[in-house]
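Descriptive structure summary
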Amino acid sequence: MGIRVPDYIAKLQPYPPGKPLEELEREYGIRDSIKLASNENPLGSSPLALEAIQDHLKKLRFYPDGSCFYLRQRLGQRLGVDDASIILGNGSNEIIDLLIRTFVQPGEEVLMSEPTFLVYRLMTQAVGGSPIQVEQKLFAHDLEGMAAAVTPRTRIVFLDNPNNPSGTVIRREEFEIFRQQVPEDVLIVLDEAYMEFADPASTMTGLEYLNGDPPVISLRTFSKAYGLAGLRIGFGVMPPRVADYLNRVRQPFNVNSLAQVAALAALDDEAFLQETQKVVREGLAFLFKGLAEMRLRTFPTQSNFFLIDVGFDARTVYEAMLHRGVIVRAMSAYGLDHYIRISVGRPEENQRFLDTLKEVLAELASSNDRD
Ligand SMILES: *Cc1c(COP(=O)(O)O)cnc(C)c1O
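Residues numbered from 1 in each chain as written. Predicted model: local features only at pLDDT ≥ 70, side-chain atom pairs only at ≥ 80, totals over all residues. Heavy atoms only, no water.

The strand order across the open sheet built from seven strands is E2-E8-E7-E6-E5-E3-E4, with neighbouring strands paired in mixed fashion. The open sheet terminates on both sides in strands that have one partner only, identified here as strand E2 (86–89) and strand E4 (130–135). This sheet shows a mean twist of 25° between the axes of neighbouring strands, independent of strand direction. In the sheet, strand E5 (residues 154–160) pairs with strand E6 (residues 187–191) via five bridges, with the strands oriented parallel. Paired with Asp160 across the strands is Asp191, a residue of E6. (Pairing = 2+ DSSP bridges. Helix = DSSP H or I, 4+ residues; strand = E, 2+ residues; numbered from the N terminus. Axes fitted to C-alpha atoms, helices over the stretch in contact; angles between N-to-C directions.)

Printed below as a string of structure tokens:
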């Protein structure tokens, strides 16, 4: 007998991660490459977090605190919410997965925009649910269109705010109208992975709507602003009655102990956070200026990454840059054939990105002329 797998699993396409540096260098035999593909922190990790990890190494034989007690307490104080509202996860990706596994049955719908973070769609498909995608308008969530796409089968709406890959945010007024249009049995999930980079005046956060109807859930992560992507830790803030269900479904020790102590320390590392925000702000200004001089179309962002219309097939540009040791993200998997997404790097990385892109585009233009 062959193995049997549900149809919806057989049809899944794995998530295409940004290429790791080591893999690139191994495959292409190059060195000193840079990665501006996964929106990681250009400065590294919070030094206080690294110290906390060192200190904790001698305790690795113990299981972690399955309830993340201290971290929930600290986050609760910090965010002004009850700690019963907080669930930590192995990255905020795990919270996305938990929400879908807890609330979505085969045949039910999960609403999201297009383009958006691919994980919402993949996790929905993995439980036999139907991802319903509503085309964005001018690279922003079309909340009116999304409200119109809600059906009796809709269980969850995912909105990344800021949006990945565009970096645009939702305006408070449009969100409040949207919220009134969504039925009370639908969960609205605001994925705020990049909120630390947004101008607070430009948008709202889900924390402001936590206890209303329909409930609004906020997802946050230590992967970006705190530079801990490799440790895997993020969290969701949700009404306690929602958290209670997730706590039944999640694995008892889903967040490892190093991640817990690192996150706790990172929260106190105000200096690292501020330095990160400054480097990103200055890097964005530098890159936008350079790209404007190259006459390339870019889109304003409230995040640490943005889209560039490179005017050629994005995969070709991606490959050519890869050969020169610069990893960016081709947006082809998001249906944006001429777009790349880049994450802000350190000043010297940003300069190298501009130089390399210039070279690659000049080469493509001259080979096009020859055709
Ligand atoms: C990077 C990112 C996350 C963070 O995921 P983690 O699992 O916490 O590393 C979540 N949502 C979006 C849209 C992202 O781009």
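Further notes follow.
So, about the site of the ligand. Close to the ligand lie Gly91, Ser92, Asn93, Phe117, Asn164, Asp191, Ala193, Tyr194, Thr221, Ser223, Lys224 and Arg232. Between the ligand and Asn93 there is a distance of 2.6 Å, counted from an oxygen atom to a side-chain nitrogen or oxygen. Between an oxygen atom of the ligand and a side-chain N or O atom of Ser223, the distance comes to 2.6 Å. Here the ligand is seated within the largest pocket. (Near = heavy atom within 4 Å. Polar contact = N/O pair within 3.5 Å; in protein donor to acceptor, adjacent residues only side chain to side chain. 1 Å grid on protein atoms, 1.4 Å probe; cavity = no way out; pocket = protein on both sides within 12 Å on 5 of 7 lines; lining within 4 Å. Sits in = over half its atoms within 2 Å of the grid points.)

In this section: empty space enclosed by the protein. Taken as a whole and judged by the stated rule, the model has one cavity of 30 Å³ or more. Of the voids in this model, the largest cavity is the one considered here, and its volume is about 60 Å³. Met112, Glu114, Pro115, Thr116, Phe117, Leu118, Arg121, Gln133 and Tyr334 are the residues that line the largest cavity. Of all the secondary-structure elements, those providing two or more residues to the lining of the largest cavity are strand E3 (109–114) and helix H6 (118–126). (Points joined across faces, edges and corners; volume = space filled by probe spheres on them.)

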